[in-house]
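Structure assessment
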Amino acid sequence: MKISYAQVCIDPSMPMKQAGFIQQTQPIYAFHDDLHARILSFQDEKRIVHLISCDALGFPYSFQKELQASLAIESEKETDVIVCCTHTHFSADPEDPRFQAEVETRILHAIHAQKYHDSEDFGVSFQSVPFEGVGKSRISHHEAMVLLQLVTIYKDQKPWIRVMIHNCHPTIHTGDTPYFTAEYPGYVISKLNEAHEGMHFTFLQGAAGDVSARFTRPSQDEEAVRYLGNHMIEKIETMCAEKCHIYPLHEIGYFSEFLKLEHVIRTIDLHKVRNDISPREKEEIELGAKVSAYIAQHPEKLLSVYLISGLKLGPYHLVFCPSEAFSSYIRCIDPSVSALVCYANGYGPYMTGIDDDFITYECFTDTLSDDTKKRYMELLAKAGKFV
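Summarised in this report is the structure supplied together with it. (Residues numbered from 1 in each chain as written. Predicted model: local features only at pLDDT ≥ 70, side-chain atom pairs only at ≥ 80, totals over all residues. Heavy atoms only, no water.)

1. Remarks on the pairing of strand S1 (residues 2-9)
Direction of pairing for S1 relative to strand S5 (residues 117-118): antiparallel, over a ladder of 2 bridges. Bridging from a neighbouring strand, Ile 3 pairs with His 117 of S5. In this structure, S1 lies alongside strand S2 (residues 36-43), joined through 8 bridges in antiparallel fashion. If you follow Ala 6 over to S2, its bridge partner there is Ile 39. (Pairing = 2+ DSSP bridges. Helix = DSSP H or I, 4+ residues; strand = E, 2+ residues; numbered from the N terminus.)

Here it is in structure tokens:
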């Protein structure tokens, strides 16, 4: 078994616009902190899997497909690539072909230059705890499932790589933020790397469709990023100090299956909107109605398939999907031994729960039929327990 970790800067080399908020229309070229792609590569006797986490909103599946094609040509083993995004709204536009080309080139260079560690004594542990220290439900009168999960990879019985999975929108800043930033995931990673020399941290975004810092952030600036980020760092340090059972990691498993999507353009009765929601939610619902009208006029822009994949590390599973899923979908897997990672294998819009009966902004961009959601749930469960 061989494992490698690499980190590469993916700051755009020219002015580009951000892509997370509707008001981000002008190119900028200012940086508060660097954007990165973090590459965790596994190689056993049968295959190679590159798990890549980018400080970006969400790359289309075509970006991942091109990366995998390039790497597969160079390898005699079966090669799979999983591109995930932290979903920062303050990276460059992932739909911009110039940004895609720059990031792809830098990732390929980093993978070619990486040095694998070879050991017969790799191990893995998994921790999962409720955590609302950064964010909680962004929707009034709705309870979200917010988890902080930690996969630790050991080399010679010592912790070496820690993979954090947390489901909260990294939107502490406002949409008028005039610089690029990796937001709180980048802050947390940089501080933990500083505090733990010789160790590597990476971040995967969970099912954050209904979770944000809307009701937890004391302000919308860098000071709030540090404030909430430090809450997460404190919790991570507590988890790191806990004694965990370490399972051998001698081989990896990979699963993937495409899900065909069926779409329904729903009519939403705005008279059913609650009167006691926050002003921000009311504004977003008005915007959502406009987005829904645009989608109805451009059905050709809707995705036709999702790629659902799973990575098996010892007895644990990471499940990857493109959608901006609500946290209720975490229940499709067993969160005590597995994690749901969204904004991966491409990027898809919000996916509300089948039984959700409230009206929010997210409802207007969710066009997936109930039958599609049921098959999605079945596929998540399959990816979360394959042998």
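2. Considerations on a negative patch on the surface
A cluster of acidic side chains, namely Asp 118, Glu 120, Asp 121 and Asp 156, defines a negative patch on the protein surface. In this fold, Glu 120 is placed in the loop between S5 and strand S6 (122-130). Judged by its relative accessible area of 68%, Glu 120 falls in the exposed class. (Patch = residues over 30% accessible without salt bridge, like charges linked within 9 Å, V, L, I, M, F, W, Y side chains within 5 Å. Areas by Shrake-Rupley, 256 points an atom, 1.4 Å probe, with all protein chains shown as cover. Salt bridge = Lys/Arg side-chain N within 4 Å of Asp/Glu carboxyl O. Lys, Arg positive; Asp, Glu negative; His and termini not counted. Charge placed at Lys NZ, Arg CZ, Asp CG, Glu CD. Buried < 20%, exposed > 50% of the residue type's maximum accessible area, 1.4 Å probe, protein only.)

3. Some points on the pattern of salt bridges
The tally for this structure, following the rule as stated, stands at 15 salt bridges. The partner of Arg 280 in a salt bridge is Glu 284, with the nearest N and O atoms 3.3 Å apart. Placement of both Arg 280 and Glu 284 in helix H5 (residues 279-297) is noted, with a separation of 4 residues, approximately one turn of the helix. Three or more residues joined by partner-sharing salt bridges are found here, namely Arg 138, Arg 214, Arg 280, Glu 284 and Glu 362.

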